[in-house]
Amino acid sequence: MTGNGTGDTDALREEIRRTRVELGETMEALAAKADVKARLKESAEQAKERMREQAAQTVARVRGQAVRGAGKARAQAYEKGGMVRAQAHDKGELVRRNPVPWAAIAAGAVATVVVLMIVRGRRR
């Protein structure tokens, strides 16, 4: 300390400066808490970001399920197609071995078509 008190004055000035800085920070914190509109906006932005993340996760999950479902459907279709081909082959063999009943059915169908054409022709 000096005899003229400049050391005390400098210390007081430094203390005042620090107090002003602390007071400014405190005021900024209080202003931020009091700014409801800004806090609501920030909350809305956070909620929006969470929704985007959830939507992206849901889309990814649904796409994965769709891919798995499509693969399963393909496998089932391939299996059913093989069964249908086998049944068609069996029916073809049955017709080749015994064509008479199928010829009778075909003749009946042709006769029905002819009768329908005659009946329609008379109506006009």
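Look up: the structure comes first, before these words.
Everything quoted here is computed from the prediction, not taken from an experiment. All residue numbers refer to positions counted from 1 along the written sequence of the respective chain. It should be noted that, the model being predicted, local features are given only for residues of pLDDT at least 70 and side-chain atom pairs only at 80 or more, the latter also being counted only at that level, while totals for whole chains, interfaces and linings use all residues. Hydrogens and waters are ignored; side-chain quantities use all the structure's heavy atoms.

Caption draft 1: Inspection of the overall build of the chain at higher detail. Regarding its fold elements, the chain presents three helices and zero strands. Each helix is a run of DSSP H or I of at least 4 residues and each strand a run of E of at least 2, with the numbering of both proceeding from the N terminus. When the helices and strands of the chain are placed in sequence order, the string is α-α-α. As a reference, a globule follows 2.2 Å times the number of residues to the power 0.38, and the radius of gyration itself is taken over C-alpha atoms. Its C-alpha radius of gyration of 45 Å places the chain more than 25% over the 14 Å reference for a compact globule of 124 residues. Expressed along its principal axes, the backbone C-alpha trace of the chain runs to roughly 135 × 45 × 15 Å. Per-residue burial over the chain gives 0% buried out of 124 residues. Method for areas: the Shrake-Rupley scheme with a 1.4 Å probe, in which residue coverage is limited to the protein chains shown. Total accessible area computed for the chain in this model is approximately 11,400 Å², and 61% of it derives from carbon and sulfur atoms. Counting rule applied: Lys, Arg positive; Asp, Glu negative; His and chain ends not counted. Every charge is mapped to an atom, namely NZ of Lys, CZ of Arg, CG of Asp or CD of Glu. Computing the positive centroid from 25 side-chain charges and the negative centroid from 15, the chain places the two 28 Å apart. For every residue, the accessible area obtained with a 1.4 Å probe (protein chains only) is divided by the maximum for its type, and the residue is called buried under 20%, exposed over 50%, and partly exposed between those limits.

Caption draft 2: Seen up close, a nonpolar patch on the surface. A contiguous nonpolar surface patch, about 310 Å² in accessible area, is contributed by Leu 23, Met 27 and Leu 30. For Met 27, the position within the fold is in helix H1 (residues 6-34). The patches described consist of residues with a relative accessible area above 30% and no salt bridge, like charges being joined within 9 Å and nonpolar side chains (Val, Leu, Ile, Met, Phe, Trp, Tyr) within 5 Å. Throughout this description, the term salt bridge denotes a Lys or Arg side-chain nitrogen within 4 Å of a carboxyl oxygen of Asp or Glu.

Caption draft 3: Structural detail: the environment of Ala 11. Here Ala 11 is to be found in helix H1. Residues Ala 11 and Gly 121, spaced 110 residues apart in sequence, show a C-alpha to C-alpha distance of 122 Å.

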